[in-house]
Amino acid sequence: MTVFTLTNYCGCGSTTILGVFDTMEAVLERMRMLADCTDPGDEYRIECFEVKTFEEEEENTSRILRSRAEWKAKQAKMEELD
């Protein structure tokens, strides 16, 4: 699942997360609402994050560990041949 955050960077150095959204369209809708009350110099940042479940991360970790073990075995075999 992908989520988007909209953050306001104030000129004084503070940041405020204005929302977490499930679509970019939702972010743009919030920005349309903010357009009327934005001061000159206000900065906004949109960031995208991938949200994973425990099961997805567990599967990914297992896949990576298997891949590393295979690579190490191949490296050890190559060193034996040298």
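Going by the structure above, here's the rest.
Residues numbered from 1 in each chain as written. Predicted model: local features only at pLDDT ≥ 70, side-chain atom pairs only at ≥ 80, totals over all residues. Heavy atoms only, no water.

Chemist: Can you walk me through the overall build of the protein in this structure?
Modeler: Along the backbone of the protein there are two helices and three strands. Here the protein has a C-alpha radius of gyration of 22 Å; the compact-globule value for 82 residues is 12 Å, and the former is much larger. Taken over the C-alpha atoms alone, the protein extends approximately 70 × 25 × 15 Å along its principal axes. Residues classed as buried in the protein amount to 12% of the 82 residues present. (Helix = DSSP H or I, 4+ residues; strand = E, 2+ residues; numbered from the N terminus. Rg over C-alpha atoms; globule rule 2.2 N^0.38 Å. Buried < 20%, exposed > 50% of the residue type's maximum accessible area, 1.4 Å probe, protein only.)

Chemist: What should I look at first to understand the nonpolar core in this one?
Modeler: Across soluble globular proteins, nonpolar side chains show a tendency to be buried alongside one another. Residues Phe 4, Leu 6, Phe 21, Val 27 and Leu 34 constitute the largest nonpolar core, which totals five residues. Mapped by element, the contributors of at least two residues to this core are β1 (2–9) and α1 (24–34). If we skip the residues at most four places from it in the chain, Phe 4 touches Gly 19, Val 20, Phe 21, Asp 22, Thr 23, Met 24, Val 27, Ile 46, Glu 47 and Cys 48. (Core = buried A, V, L, I, M, F, W, Y, C linked by side-chain atoms within 4.5 Å. Contact = heavy atoms within 4.5 Å.)

Chemist: Help me understand the side chain of Asn 8, please; the structure alone is not making it clear to me.
Modeler: Secondary-structure assignment places Asn 8 in strand β1. Under the relative-accessibility criterion, Asn 8 is labelled buried at 12%. Those residues in contact with Asn 8 that lie beyond four places of it in its chain are Ser 14, Thr 15, Thr 16, Leu 18, Asp 42, Glu 43 and Tyr 44.

Chemist: What exactly am I supposed to notice about the sheet that holds strand β3 (residues 43–50) here?
Modeler: Across the sheet, which stays open at both edges, the three strands sit in the order β2-β1-β3 with antiparallel pairing between neighbours. Each having just a single partner strand, β2 (15–21) and β3 make up the two edges of the open sheet. This sheet shows a mean twist of 25 degrees between the axes of neighbouring strands, independent of strand direction. As judged from the eight bridges shared by β1 and β3, these two strands associate in the antiparallel manner. Pairing of Leu 6 across the sheet is with Ile 46, part of β3. (Pairing = 2+ DSSP bridges. Axes fitted to C-alpha atoms, helices over the stretch in contact; angles between N-to-C directions.)

Chemist: Any chance you could explain the pattern of salt bridges here in plain terms?
Modeler: When the charged atoms of two side chains with opposite charge come close together, those side chains can pair. According to the stated counting rule, one finds one salt bridge in the structure shown. For the salt bridge of Glu 29 with Arg 32, the shortest nitrogen-to-oxygen distance reads 3.0 Å. Of this pair, Glu 29 and Arg 32 are both found in helix α1, three residues apart, which corresponds to roughly one turn of the helix. The exposure class assigned to Arg 32 is exposed, which follows from its relative accessible area of 59%. (Salt bridge = Lys/Arg side-chain N within 4 Å of Asp/Glu carboxyl O.)

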